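Residue-level structural notes
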Amino acid sequence: MLGSMSTAAGKASGASDSGNQTRAESVPAIERASNRSWSDWLALFDAAGAASLPHPEIARIARAAMPGTLKNPDWWAQGTAIAFEQHVGIRVPGSHRPVSIGLVRAARWPAIAMSR
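Fair warning: this is a prediction, and the values are worked out from it, not measured in the lab.

Examining the overall build of the protein
Looking only at helices and strands, the protein features 5 helices and 0 strands. Across the 116 residues in the protein, those meeting the buried criterion constitute 30%. Of the contacts formed within the protein by residues at least 6 apart in sequence, a portion of 50% connects residues at least 24 apart. Of the roughly 7600 Å² of accessible surface on the protein, 55% is carried by carbon and sulfur atoms.

A short note on helix α5 (residues 73-88)
Across its 16 residues, α5 extends 22 Å between first and last C-alpha, which sits within 8% of the 22 Å expected from 1.5 Å per residue. Those residues of α5 not exposed but buried are P73, W76, A77, T80, A81, A83, F84, E85, Q86 and H87. Buried-residue contacts for α5 involve α2 (26-34), α3 (38-47) and α4 (55-65). Directly after α5, the chain includes G89, whose backbone phi takes a positive value near 85°.

Things to note about α4
H55, I58, A59, I61, A62 and A65 are the residues of α4 that are buried. Relative to the axis of α4, the buried residues are bounded by an arc of 155° and lie together on one face. In this fold, the buried residues of α4 make contact with α3 and α5.

Each value, and the rule that gives it
Residues numbered from 1 in each chain as written. Predicted model: local features only at pLDDT ≥ 70, side-chain atom pairs only at ≥ 80, totals over all residues. Heavy atoms only, no water. Helix = DSSP H or I, 4+ residues; strand = E, 2+ residues; numbered from the N terminus. Buried < 20%, exposed > 50% of the residue type's maximum accessible area, 1.4 Å probe, protein only. Contact = heavy atoms within 4.5 Å. Areas by Shrake-Rupley, 256 points an atom, 1.4 Å probe, with all protein chains shown as cover. Expected span 1.5 Å × (residues − 1). Arc of directions from axis to C-beta.

Spatial relationships are all this shows, so hold off on functional conclusions.
The structure is reproduced here in structure tokens:
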């Protein structure tokens, strides 16, 4: 298993030794909404090999595990996937993209000569 989060004092357990960067406020909300402990989520993601999967696949795993009665399950699945990515270090808190995706892209606009 990848580890677990403690909701006590709003801090992640083992954050200093594991490199865990999950936003502490995310975990209790995910646990309440999903009726699943964070350690259960980590076990689910670990069993699916999610640490090596792209974000859409991680979100699909989370969505499939959300309770059917939950309002906005797609939103919660996205948040759970992001929290997991932060937990394993493939997404930095506040980032819109996983760390493994390059942020530099070449422009695809053709060069146009300016005439006077």
